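Secondary and tertiary structure notes
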Amino acid sequence: MDKTVADRVLSKVNTYFEASYAKGMLLLIMVCIALIWANSPFYESYVHIFESEFTIGWRAFALTEPLHIWINDGLMAVFFFGIGLEIKKEFLEGELATFRKASLPIIAALGGMIIPALIFIAFNYGNEAQNAWGIPMATDIAFALGFIGLVGTAVSRKLKVFLTALATVDDLGAILVITFFLTPSIDSASAIAGGVYLLVMVLANYLGVRNMWFYLIVGILGLWIALLLSGIHATLAGVLGAFAIPATRKIKESEYRDKLKIWAAEFDESCTTTDRLLTNHQTEILRKVYINTKRAGTPLQRIEFKLAPFINYLVLPLFALANAGVRIEGEFMTMLFHPVSLGIITGLVLGKVLGITVFSFALIKSGITTKPQDSTWKSIVGVGLFAGIGFTMSLFIAELAIRDNDDLLDIAKVGILTASLLASSLGFIWFLLIKHVNK
């Protein structure tokens, strides 16, 4: 059957959004829109929209917050839920599953967090922003993987896996910074309530409960609200909730495979010459396939697959639009060369690549582990450059670390955006040069 124009258009759109660079490009577009909007005559409308208050709930159970808070504390909890699922998956069967596999990305990530933090402190020691050292520690995994995907064959699959594992550990580090250093005060009763809800989720996992509505209700209405009221940043609820999601299957892979073969043969035998309605027997076969396909997969991977488009094409773009709108009212160069901005830029662009490369070199030379397959020291330096794209995570930490000083926050955002632009450009150029030299 010939495809209609709509089918062809939708096919091209789907192909674009399935590309590894699509989410990075969308974030870049949102950043540009936010910057242009914030520095246009329509700046007041930008502020008005994201400061407009919304209420969720009813009567005594209502929460009223500005839109940007719902995005940063609510939608970003979903983003951190996705991060939590990724971390759990990597620890179960991924690049963090064994000591030998995990040692390199963990040590490289530690180097990529410690050196940038020290550089930032060196620039800002003694001033009011010195406690914001967590800003240059972060790596934006969506942007980093999106831009490294643009390099093509210059980056091996194993090197991309290494960057993914490294950024995953990096995100875990950022979560720990938020939890232990950026939480001003804690309401014990609400924190204990959150712990009870988490315990219920873990117990349900242990008892074999696989209904996603159960985890959704307990995780959102229980854990998320409890942590929000406790003073602990609510995004932690996303990570903790993710760790409680079941990662086991109800039927084995071999059993599912054998059943599929039988059902495929039955479906083939029952095929008719018409391309219309299915027979009752065919419908029953499809029902069995559907039910057993869910049983053969893990809830963790199923949720991760379903959430990915929502996170990549709604949550992160909205976060970028709401937080990247820096209004440049003073001298741009003054903001750029402020110690806060310089500390962030130097930390992300120079500190990341130094920390990742030096710590990786030390570990590999010790004989504990080896370089990723099909990689060179030059390519590891390139990964370090791309890891300097802090963007989403750096903006998020900046919003928490410098929440009481709007001028410093704008300066920090200038530093983050500049550093992310420099890191992505340098990483891209670096790999192009490697590709050219290797021809």
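Residues numbered from 1 in each chain as written. Predicted model: local features only at pLDDT ≥ 70, side-chain atom pairs only at ≥ 80, totals over all residues. Heavy atoms only, no water.

With that out of the way, let us pick up the overall build of the protein. Per the secondary structure count, the protein includes 18 helices and two strands. Taking 439 residues into account, the globule formula puts the C-alpha radius of gyration at 22 Å, and the protein, at 24 Å, falls close to it. Its C-alpha atoms give the protein principal-axis dimensions of about 75 × 65 × 50 Å. Classification of the 439 residues of the protein by burial places 47% in the buried group. Looking at the protein alone, contacts between residues at least 24 apart form 79% of all its contacts between residues at least 6 apart. As presented, the protein carries roughly 22700 Å² of accessible surface, and 65% of it is formed by carbon and sulfur atoms. Side chains of the protein give 35 positive and 34 negative charges; the mean places of these two sets differ by 12 Å. (Helix = DSSP H or I, 4+ residues; strand = E, 2+ residues; numbered from the N terminus. Rg over C-alpha atoms; globule rule 2.2 N^0.38 Å. Buried < 20%, exposed > 50% of the residue type's maximum accessible area, 1.4 Å probe, protein only. Contact = heavy atoms within 4.5 Å. Areas by Shrake-Rupley, 256 points an atom, 1.4 Å probe, with all protein chains shown as cover. Lys, Arg positive; Asp, Glu negative; His and termini not counted. Charge placed at Lys NZ, Arg CZ, Asp CG, Glu CD.)

In this model, the protein carries a mean pLDDT of 83, and residues with pLDDT of at least 70 account for 92%. Across the protein, the secondary-structure element scoring lowest on mean pLDDT is helix α1 (residues 5-18), at 51, and the one scoring highest is helix α15 (residues 339-365), at 95. (pLDDT = per-residue confidence, 0-100.)

Now for the layout of surface pockets. The volume enclosed by the largest pocket comes to roughly 1400 Å³. Lining the largest pocket we find 40 residues, and of these Met-212, Tyr-215, Leu-216, Gly-219 and Ile-220 sit closest to its centre. If you list the elements that add at least two residues to the lining of the largest pocket, you get α4 (67-93), α9 (212-230), α10 (235-243), α12 (280-296) and α13 (299-323). Broken down by element, the residue count for the lining of the largest pocket peaks at eleven residues, all from α9. Each residue belonging to the lining of the largest pocket can be placed in one class, and the counts come to 28 nonpolar, six polar and six charged. Lining the second largest pocket are 36 residues, with His-68, Glu-399, Asp-406, Leu-409 and Lys-413 positioned closest to its centre. In terms of residue count, helix α18 (residues 406-437) provides more of the lining of the second largest pocket than any other element does, seven residues in total. The residue inventory of the lining of the second largest pocket, partitioned by class, reads 18 nonpolar, eight polar and ten charged. (1 Å grid on protein atoms, 1.4 Å probe; cavity = no way out; pocket = protein on both sides within 12 Å on 5 of 7 lines; lining within 4 Å. Points joined across faces, edges and corners; volume = space filled by probe spheres on them. Nonpolar A, V, L, I, M, F, W, Y, C, P; charged D, E, K, R; others polar.)

Let's shift gears to the environment of Ala-62. Residue position: Ala-62 is located in the loop between β1 (53-56) and β2 (63-66). Classification of Ala-62 by relative accessible area gives partly exposed; the value is 29%. In sequence terms Ala-62 and Phe-50 are twelve residues apart; their C-alpha atoms lie 19 Å from each other.

So, about the side chain of Glu-90. Within the secondary structure, Glu-90 is located in helix α4. Not counting residues up to four positions away in its chain, the partners in contact with Glu-90 are Glu-95, Leu-96, Ala-97 and Thr-168.

All right, on to the side chain of Lys-88 then. With respect to the helices and strands, Lys-88 occurs in helix α4. If sequence neighbours within four positions are ignored, Lys-88 has contacts with Asn-205, Ala-242, Phe-243, Ala-244, Ile-245, Ala-247 and Leu-300.

The next thing to look at is the packing of aromatic side chains. The relation between two aromatic rings is expressed through the spacing of the ring centres and the mutual angle of the planes. All chains considered together, the criterion is met by ten aromatic pairs. Centre to centre, the rings of Phe-79 and Phe-80 are 5.3 Å apart; their planes meet at 75 degrees, and the pair counts as edge-to-face. Classification of Phe-79 by relative accessible area gives buried; the value is 7%. Taking 5.3 Å as the distance between ring centres and 50 degrees as the angle between the ring planes, the aromatic pair formed by Phe-80 and Phe-396 counts as tilted. Pair noted here: Phe-80 is in helix α4 and Phe-396 is in helix α17 (residues 391-401), with a separation of 316 residues, a long-range link. Neither residue differs from the other here; Phe-80 and Phe-396 are each classed as buried. (Phe/Tyr/Trp six-rings, centres within 6.5 Å; stacked < 30°, edge-to-face > 60°.)

Next up on the list: the pattern of salt bridges. On inspection of all chains with the given rule, the structure shows eight salt bridges. Across the salt bridge formed by Lys-89 and Glu-304, the nearest N and O atoms sit 3.0 Å from each other. Within this pair, whereas Lys-89 is found in helix α4, its partner Glu-304 is found in helix α13, the two being separated by 215 residues in sequence. Residue classification places Lys-89 among the partly exposed positions, given a relative accessible area of 28%. By relative accessible area, Glu-304 is classed as buried at 17%. Of the charged contacts in the structure, one is a salt bridge between Glu-255 and Lys-259, with a shortest N-O distance of 3.4 Å. Of this pair, Glu-255 and Lys-259 are both found in helix α11 (residues 253-269), four residues apart, which corresponds to roughly one turn of the helix. With a relative accessible area of 26%, Lys-259 lands in the partly exposed category. Here the salt bridges do not stand alone but share partners, grouping Glu-86, Lys-89 and Glu-304 into one network. (Salt bridge = Lys/Arg side-chain N within 4 Å of Asp/Glu carboxyl O.)

Most of helix α6 (residues 141-150) is tucked away, with nine of its ten residues classed as buried. Regarding α6, the residues found buried are Ile-141, Ala-142, Phe-143, Ala-144, Leu-145, Gly-146, Phe-147, Ile-148 and Gly-149.

Attention shifts here to helix α8 (residues 188-206). Between the first and last C-alpha of α8 there are 27 Å, a value that for 19 residues agrees with the 27 Å anticipated at 1.5 Å per step. Within α8 the residues assigned to the buried category are Ser-190, Gly-194, Leu-198, Met-201 and Ala-204. With its buried residues spanning 120 degrees around the axis, α8 presents them on a single face. Every exposed residue of α8 that faces more than 90 degrees away from the buried side is listed here: Ala-189, Ile-192, Leu-199 and Tyr-206. Against α9 and α10 lie the buried residues of α8. (Expected span 1.5 Å × (residues − 1). Arc of directions from axis to C-beta.)

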